[in-house]
Amino acid sequence: MKKNKVFRRMLKTALAVTLAGSMLVGCGGGGDGSQKSAEGTATAVSEREPGELRIGVVSTVDSIAPFVSFGDVLTQVRFYMWEYLGVPDENKELTPQIAKSWTTNDNGYTYEVEIYDYVTDSAGNAITANDVAFSYETYKACGRSSDLTNLESITVTGDYTLELKLTSNAIGVFDRVASGCPIVSQAAYESSGDEMAQDPIGTAAYIVSEFEPGASLTLTEREDYWQTDELRSPMSQTNLDKMTFKFINDASQCAIALETNDVDVSLFLPMTTVTQYMENPDYKINITNGSSIIMLMSGDSHSPLAENQALRQAVCYAIDNQGLVDACNGGYGNVMWDIASSNAVGYDTAWESEDYYNYDVEKAKEKLAEAGYGENEVTLSILVPSVGSYKRYAEVTQAYLMAAGINAEVNSVEPALYSSFLRDPSQYDLVITPDSYPYVSQAWLNRLGQEQNRGTTFNGFVDDELESLLQGCTKPDNSTAETINACHDYIVDQAYVYGLFMMPSAVVMRSDINPGELTYNAYSTQIHLSGCEFDV
């Protein structure tokens, strides 16, 4: 139940009076508005307003433009700023948001979509079908969203109706397209001057009241939000009046902010930091499976992996996935048995009883010899972004490969360059990357579908047998346990892509905000803060 707004306003007034009184008393007693960490470093502490939640985020954000490649942080906040045609509920079922309804008459290739006729953005601009089409066309033209890969066209058919044509009717494709594009007003976007990078005009239930690039983002509840309470989607709840995200790129400093009561919640802390709070009653920790961490092998002709299945299999046998979890995440995280997450719709737990390249150094050496190499005769490059724990993942992987006689070099690059290299298999032999798909079919198609990726797999392989298996098992009329398992077995055997582990996603909260049952974004498995009941 939503908290009482009148009571909150009373608290705000009382707080303002109290603060004013304290300022009149003066600065006696040596108080300077800061607290000190255990190391003695002075840290400025912000006062929390009634109804406000302060969130420390181990990252930095320089732009909040709607049509960008969303990383973990923007995935966390984008649903608070923009609405979509539809969004998933806790059961991963697509529910309406801006769309009022949708229907298909050709088995999922074409959808007729009707949107609500009273949608407005925070500047009062009415949202029509033209704005929806503009949003999709703009985002697709940017080439920054894999969610829209299967969108062939979007056509306005009326003031509040559209037709979406898809290139595939695979399970989950429409859901991904419908929930993959933030909807903006064309007029507001074009008049912003910077593609809404600094001061966006949103369509969601919160507005951006302040954004300091690289430092903080403040969102406040929108008083004129367009949707009725009865029809609000799961991602449009406003149990918080205000959310202040503080971007603190150093994990230790983010932890200090939590300990000194400068933030109430910390997101994306590494597990090595999270574990220090586990026995402390002053904090509550919630850990779920986050993004999958997978390894792509290069199918480009420059790479020794491209035409050598045995070498790809040697790489897989050489890596101890549980060892990666132990070394990099303090033992938190679950190893994978497919390139799709165990959270994904269509996942078969029977796969977990199979040999998914279980760690075996001797087997790796046998495969290396079968591939035509002696020990230390082949060198592979490992591409990773220079953020978070990815370099550590690569270094531990490098050690495992070298122990099996496979030389390896780590290439850690800035995120922007990494995003470019990721799409170009000539730039790597191996690449470690996160994935997050709600359906097994989407995980397979987005990485291995040749139709999906314009003629090759995402990482450059051409395999017509695999394409036939994918096109068969991902179609609604032919998706059976038999066809899915046949495709899974083939994907495992070819080892074009290898699932490593599911990265733990930890939320550390101060106990004094009395966090109750948490709600999550069903697609990203990240906490949906404004849907939770915090005592703030």
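Residues numbered from 1 in each chain as written. Predicted model: local features only at pLDDT ≥ 70, side-chain atom pairs only at ≥ 80, totals over all residues. Heavy atoms only, no water.

Colleague: Before we move on, can you summarise the pairing of strand E18 (residues 430–435) with the specific residues and values?
Modeller: Within E18, five of the six residues are buried, which leaves it mostly tucked inside the rest of the structure. Note that strand E14 (residues 283–297) and E18 share six bridges and pair antiparallel. By the bridge assignment for E18, Ser292 is matched with Asp435. In terms of strand pairing, strand E16 (residues 379–385) meets E18 through two bridges, oriented parallel. In the sheet register, Ile382 faces E18, and the bridge partner there is Leu430. (Buried < 20%, exposed > 50% of the residue type's maximum accessible area, 1.4 Å probe, protein only. Helix = DSSP H or I, 4+ residues; strand = E, 2+ residues; numbered from the N terminus. Pairing = 2+ DSSP bridges.)

Colleague: Quick one: what's the story with helix H15 (residues 481–494), residue by residue and with numbers?
Modeller: Taking 1.5 Å per residue as the helical rise, H15 with its 14 residues ought to reach 20 Å, and the 20 Å between its terminal C-alpha atoms agrees with that figure. When H15 is considered as a whole, its buried residues turn out to be Thr483, Ile484, Cys487, His488, Tyr490, Ile491, Val492 and Gln494. Buried residues in H15 make contact with helix H8 (309–318), helix H13 (440–448) and helix H14 (464–473). One or two positions beyond H15, positive phi appears at Ala495, with a value near 55°. (Expected span 1.5 Å × (residues − 1). Contact = heavy atoms within 4.5 Å.)

Colleague: Please give an account of the sheet that holds strand E6 (residues 99–104) that cites residues and values.
Modeller: Spatially, E6-E7-E9-E8 is the arrangement adopted by the four strands of the open sheet, whose pairing is antiparallel. Each edge of the sheet is formed by a strand with only one pairing partner; in this case those strands are E6 and strand E8 (151–158). Between one strand axis and the next, the sheet turns by 20° as a mean value, whatever way the strands run. The pairing of E8 with strand E9 (residues 161–166) spans six bridges and is antiparallel. For Ser153, the partnering residue across the bridge sits in E9 and is Lys165. (Axes fitted to C-alpha atoms, helices over the stretch in contact; angles between N-to-C directions.)

Colleague: Describe the pairing of strand E10 (residues 206–212), naming the residues involved and giving the relevant values.
Modeller: Examined bridge by bridge, E10 and strand E11 (residues 216–221) share six bridges and lie antiparallel to one another. Bridge pairing in E11 links Phe211 to Leu217.

Colleague: Residues and numbers for the packing of aromatic side chains, please.
Modeller: Counted under the stated rule, the structure contains 23 aromatic pairs. Ring centres of Tyr111 and Phe174 lie 3.7 Å apart, and the angle between their planes is 10°; on these two criteria the pair is classed as stacked. With Tyr111 in strand E7 (residues 110–115) and Phe174 in helix H4 (residues 173–178), the pair connects residues that are 63 residues apart, well separated along the chain. Side by side, Tyr111 and Phe174 carry an identical accessibility label, which is buried. Through successive ring pairs, a cluster of aromatic residues spans Phe67, Phe134, Tyr139 and Tyr189. For Arg447, the ring lying beneath its charged end belongs to Phe458, and the centroid distance is 4.4 Å. (Phe/Tyr/Trp six-rings, centres within 6.5 Å; stacked < 30°, edge-to-face > 60°. Lys NZ or Arg CZ within 6 Å of the ring centre and 35° of its normal.)

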